[in-house]
Amino acid sequence: MSLLIIGGTGTLGRQIVLQALTKGYQVRCLVRNFRKASFLKEWGAELVYGDLTKPETIPPCFNGITAIIDASTSRANELESLKKVDWEGKLCLIEAAKVANIQRFVFFSAQNVEQFENIPLMKVKNGIEIKLKESRIPFTIFRLSGFYQGLIEQYAIPILENLPIWVTNENTYISYMDTQDIAKFCLRSLQIPQTKNQTFFLSGLKDWVSSEIINLCEQLAGQKAKVQRVPLFLLKLVSRFFGFFEWGQNISDRLAFAEILTTENNFSNSTFDLYKIFKIEPAELIQLDDYFLEYFIRLLKRLRDINFEDIQKQKNLVI
Ligand SMILES: NC(=O)c1ccc[n+]([C@@H]2O[C@H](COP(=O)([O-])OP(=O)(O)OC[C@H]3O[C@@H](n4cnc5c(N)ncnc54)[C@H](OP(=O)(O)O)[C@@H]3O)[C@@H](O)[C@H]2O)c1
């Protein structure tokens, strides 16, 4: 089976590429910057130029491909790219996949998309889910929550750098997952016929509130966090205010995610059934405690190495 992976340079996409290559798949990555994607080539993937904002670059990437895994999304720092990448780009992908008679299209969506039509990213994710189902291409949709990898920037780094962490007063539980585990589910779906034309709510085994994550990082860092609490109503008010101005649309989109914080997760009950379908033992999954522990150990080792190098340099100077 030959795979076309979109978004291979991203947080999730790179894990999918690595695991697919390890499993012996032929992997082609659609990338828009060869230099940035060179590590994927070193791992053994074939790189082809493509840009979701340039429709003419998409169909040629499908030659000889059996399945497509789309792990791409617009970068937050690229203004106006949401419509072009997550909507128009994905429509082009679906069209090209139909023409190429693709046997499986794996798409990553987000939890509760249909409830948040007021959030542009959620609206386009829901729209693409609908278009994909209508296309008659065999599909698998994974609705995801948060990634462990995002928590480093959100919690660990601010604690280490003594910067404030912004949290809302509400206790919202989120079952984050490691992208390595999401990649495992994704590739397993290609081998299990039962997963064809199905939508799965993929979530970790434990729900976390922000105060628990902060406690964990404080213990591992040996440092207290500077926590700033923002009432949810204030976040929503700011979101509505920015929504009036075109220039504020990007800020508004991001703040609108505050809405999600008020909604209960609805997928926890089916998690164990899901693991059964994919024949993945819950014990195989990476736990958040272990993920953070490994991060802090690696960081400490790096700091020690830097210190050691400095001491060596100073010694050499003295000699
Ligand atoms: N992160 C989360 O917590 C979360 C939660 C729920 C769902 N998801 C979904 O999971 C998937 C993976 O997310 P992620 O956080 O791993 O993404 P990410 O790290 O932001 O990576 C985005 C990827 O999309 C590529 N891309 C952006 N614009 C492109 C364009 N015009 N043409 C071609 N490629 C383009 C990027 O390539 P460059 O390197 O060239 O920019 C990169 O490889 C997405 O569908 C996302 O919506 C994520």
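Residues numbered from 1 in each chain as written. Predicted model: local features only at pLDDT ≥ 70, side-chain atom pairs only at ≥ 80, totals over all residues. Heavy atoms only, no water.

Colleague: I tried to follow the side chain of Asp-86 on my own but got confused; where do I start?
Modeller: Checked against the element boundaries, Asp-86 lands in helix 3 (residues 81-99). Despite its burial, Asp-86 pairs with no opposite charge, the nearest such side chain being Lys-90 at 4.2 Å. Contact partners of Asp-86, with chain neighbours within four places excluded, come to Ser-72, Thr-73, Ser-74, Ser-81, Leu-121, Val-124, Lys-125 and Ile-128. (Helix = DSSP H or I, 4+ residues; strand = E, 2+ residues; numbered from the N terminus. Buried < 20%, exposed > 50% of the residue type's maximum accessible area, 1.4 Å probe, protein only. Lys, Arg positive; Asp, Glu negative; His and termini not counted. Salt bridge = Lys/Arg side-chain N within 4 Å of Asp/Glu carboxyl O. Contact = heavy atoms within 4.5 Å.)

Colleague: It is not clear to me how the pattern of salt bridges should be interpreted in this structure. Could you clarify?
Modeller: Two side chains carrying opposite charge are able to pair once their charged atoms lie near each other. Scanning the entire structure with this criterion turns up 12 salt bridges. In this structure, the salt-bridge partner of Glu-129 is Lys-133, at a minimum N-O distance of 3.8 Å. Within this pair, Glu-129 and its partner Lys-133 are both found in helix 4 (residues 120-135), separated by four residues, close to a single helical turn. Taken together, the shared-partner salt bridges connect Glu-114, Glu-129, Lys-133 and Arg-143 into one network.

Colleague: Can you help me understand the site of the ligand in this one?
Modeller: Neighbouring the ligand are 24 residues, the closest being Thr-9, Arg-32, Lys-36, Asp-51 and Lys-125. Within the backbone of Gly-7, an N or O atom sits 3.3 Å from an oxygen atom of the ligand. In the model, an oxygen atom of the ligand is placed 2.7 Å from a nitrogen or oxygen of the Arg-32 side chain. Contact with the protein chains hides 87% of the accessible area of the ligand, taken as 910 Å² for the molecule alone. Of all the elements in the fold, those that place two or more residues in the shell around the ligand are helix 1 (11-22) and strand 5 (104-110). (Near = heavy atom within 4 Å. Polar contact = N/O pair within 3.5 Å; in protein donor to acceptor, adjacent residues only side chain to side chain. Areas by Shrake-Rupley, 256 points an atom, 1.4 Å probe, with all protein chains shown as cover.)

Colleague: Would you take a moment to explain the sheet that holds strand 1 (residues 2-6) for this structure?
Modeller: Backbone hydrogen bonds hold the strands of a sheet together, and the pairing may be parallel or antiparallel. The seven strands are arranged 3-2-1-4-5-6-8 in an open sheet whose pairing can be described as parallel. Every other strand in the sheet has two partners, leaving strand 3 (46-49) and strand 8 (198-201) as the edge strands with one partner each. For this sheet, the mean inter-axis angle between neighbouring strands, taken without regard to orientation, is 20 degrees. Most of the contacts of helix 4 go to strand 5, to which it runs at about 155 degrees, and overall it touches strand 5, strand 6 (139-144) and strand 8. Against the sheet, helix 6 (residues 179-191) touches strand 1, strand 4 (67-70), strand 5 and strand 6, its axis set at about 150 degrees to strand 5. (Pairing = 2+ DSSP bridges. Axes fitted to C-alpha atoms, helices over the stretch in contact; angles between N-to-C directions.)

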